[in-house]
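# Results of the structural survey
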Amino acid sequence: MSAQINIHNLKKSYGEFQVLHGIDLEIAQGEVVCVIGPSGSGKSTLIRCINRLEAFDDESEIAVDGIAVVPGRALAAVRAEVGMVFQSFNLFPHMTVLRNVMLAPMRVRHSSVKDAEARARVLLDRVGISEQADKYPENLSGGQQQRVAIARALAMEPKVLLFDEPTSALDPEMVGEVLDVMKKLAGTGVTMVIVTHEMGFARQVADRVIFMDGGNVIEAGPPAEIFDNPKEERTRSFLHAVL
Ligand code: ADP
Ligand code: MG
């Protein structure tokens with residue numbers, strides 16, 4: 001039985017600078033993994049490699065559902081299965097909320113307008129913003145925009161959802177509403193890989209916490225183990241600084 005996401009010897013450099021030093025990681029279907037670690041440790045780069053928003057070394061291997069994440073036709077298949085939510089929402093400003101959520105299924109899956117709209121409305125309801133459907137992103141709060149971004153990612157019925165610090169750009173009072181949506185998603189069967197600084201959330205929701213530093217996975221385990229009984233000194237000092 002193979003994992004849903006298989007990462008083997010993942011190396012990535014920007015010019016001379018090596019960011020990832022040969023990461024090995026297997027993530028099971030439905031697993032919720034939180035990635036923590038200091039700024040610059042390679043967390044974003046790691047998750048951006050999973051759908052190849054970043055290219056990686058030829059000797060490295062990533063597979064999603066057994067499909068190798070290599071340039072070419074198979075990449076579109078992987079990307080259709082892997083949704084991504086960014087720190088900066090990245091909604092299309094010239095489209096209404098509803099259209100933002102309808103777009104990918106229509107473009108990529110060739111869904112009819114009717115089907116795409118029906119599904120978009122269900123998803124907007126699920127993230128608690130059905131009444132904002134006809135507004136433009138700029139007229140929504142940051143928390144609402146991020147919930148739209150989650151609905152938009154869900155519209156493709158992804159098997160994997162990648163989150164890169166989804167609450168870091170939000171005013172503090174809006175963090176909770178986005179984390180609540182993510183909590184509801186955890187346990188629905190979708191695999192989630194979440195880069196976050198929200199340690200309380202990670203402790204509560206993650207099946208596994210991965211601590212990265214200097215482009216390596218330093219330690220990984222259940223939240224209770226990582227937060228309460230970390231083995232590595234680097235994990236301890238990071239947690240000491242942030243908790
Ligand atoms: P994190 O998400 O953990 O903060 P990143 O994955 O964004 O870390 O970055 C890891 C390292 O790679 C950092 O030192 C960063 O400066 C560097 N880096 C990231 N993106 C680029 C890029 N496009 N060009 C050059 N260096 C980069
Ligand atoms: Mg980052």
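Above this note sits the structure.
Heads up: these notes are all about the structure in this document.

Cut-offs used in this document
- Residues numbered from 1 in each chain as written.
- Chains lettered and ligands numbered in written order.
- Predicted model: local features only at pLDDT ≥ 70, side-chain atom pairs only at ≥ 80, totals over all residues.
- Heavy atoms only, no water.
- Buried < 20%, exposed > 50% of the residue type's maximum accessible area, 1.4 Å probe, protein only.
- Helix = DSSP H or I, 4+ residues; strand = E, 2+ residues; numbered from the N terminus.
- Pairing = 2+ DSSP bridges.
- Axes fitted to C-alpha atoms, helices over the stretch in contact; angles between N-to-C directions.
- Parallel < 35°, antiparallel > 145°, perpendicular 65-115°, else oblique.
- Left-handed = near helix turned anticlockwise from the far one by under 90°.
- Contact = heavy atoms within 4.5 Å.
- Nonpolar A, V, L, I, M, F, W, Y, C, P; charged D, E, K, R; others polar.
- Near = heavy atom within 4 Å.
- Polar contact = N/O pair within 3.5 Å; in protein donor to acceptor, adjacent residues only side chain to side chain.
- Areas by Shrake-Rupley, 256 points an atom, 1.4 Å probe, with all protein chains shown as cover.
- Expected span 1.5 Å × (residues − 1).
- Arc of directions from axis to C-beta.

### Quick look at the pairing of strand β3 (residues 32-36)
Within β3, 5 of the 5 residues are buried, which leaves the element mostly enclosed by the surrounding structure. Of the two faces of β3, the one carrying V32, C34 and I36 and the one carrying V33 and V35 are both buried. Pairing between β3 and strand β9 (residues 208-213): 4 bridges, direction parallel. Its bridge partner being in β9, C34 is matched across the sheet by V209.

### Remarks on the packing of helix α5 (residues 142-154) against helix α6 (residues 172-185)
In contact at an axis separation of 8 Å, α5 and α6 are set at 20 degrees when each is read in the N-to-C sense. Overall, the two elements α5 and α6 adopt an arrangement that is roughly parallel. Crossing handedness for the pair α5 and α6: right-handed. Facing G142, G143, Q144, Q146, R147, I150 and L154 of α5, the residues of α6 in contact are M174, E177, V178, V181, M182 and L185. When the residues that make up the contact of α5 with α6 are grouped by side-chain class, the tally is 7 nonpolar, 4 polar and 2 charged.

### Examining the site of ligand 1
Close to ligand 1 lie Y14, F17, V19, P38, S39, G40, S41, G42, K43, S44 and T45. The separation between an oxygen atom of ligand 1 and a polar main-chain atom of G40 is 2.7 Å. Bound to the protein, ligand 1 loses 59% of the 560 Å² it would expose on its own. Elements that contribute at least two residues to the shell around ligand 1 include exactly β2 (17-27) and α1 (43-50). Of all the elements, α1 adds the most residues to the shell around ligand 1, at 3 residues.

### Quick notes on helix α4 (residues 113-126)
In this model, α4 (14 residues) spans 20 Å end to end at C-alpha, consistent with the 20 Å of a helix rising 1.5 Å per residue. Where α4 is concerned, the buried positions are A116, A120, L123 and L124. Viewed end-on, α4 has its buried residues packed into an arc of 100 degrees, placing them on one side of the element. Looking at α4, the residues exposed on the side facing more than 90 degrees away from the buried face are K114, V122 and D125. Immediately downstream of α4, the backbone of G128 shows phi near 80 degrees, a positive value.

### A short note on the sheet that holds strand β10 (residues 216-221)
Spatial strand order, β6-β7-β8-β3-β9-β10: 6 strands in an open sheet with mixed pairing. The outermost strands of the open sheet, each flanked by one partner alone, are β6 (82-85) and β10. Direction aside, the axes of adjacent strands within the sheet are offset by 20 degrees on average. On top of the sheet, α1 reaches β3, β6, β7 (160-164), β8 (191-195) and β9; it is set at about 155 degrees to β7, its chief contact. Sitting on the sheet, helix α2 (residues 73-81) is in contact with β6 and β7, with an inclination near 60 degrees to β6.

### With respect to the sheet that holds β2
Strand order in the open sheet formed by 4 strands is β2-β1-β4-β5, with antiparallel pairing between adjacent strands. With partners counted over all chains shown, the strands left at the sheet margins are β2 and β5 (67-68), one partner each. Here strand β1 (residues 5-14) pairs with β2 via 8 bridges, running antiparallel. Looking across to β2, one finds that N6 is bridged to E26. Together, β1, β2 and β4 (61-64) form the strand contacts of α1, whose direction differs from that of β1 by roughly 120 degrees.

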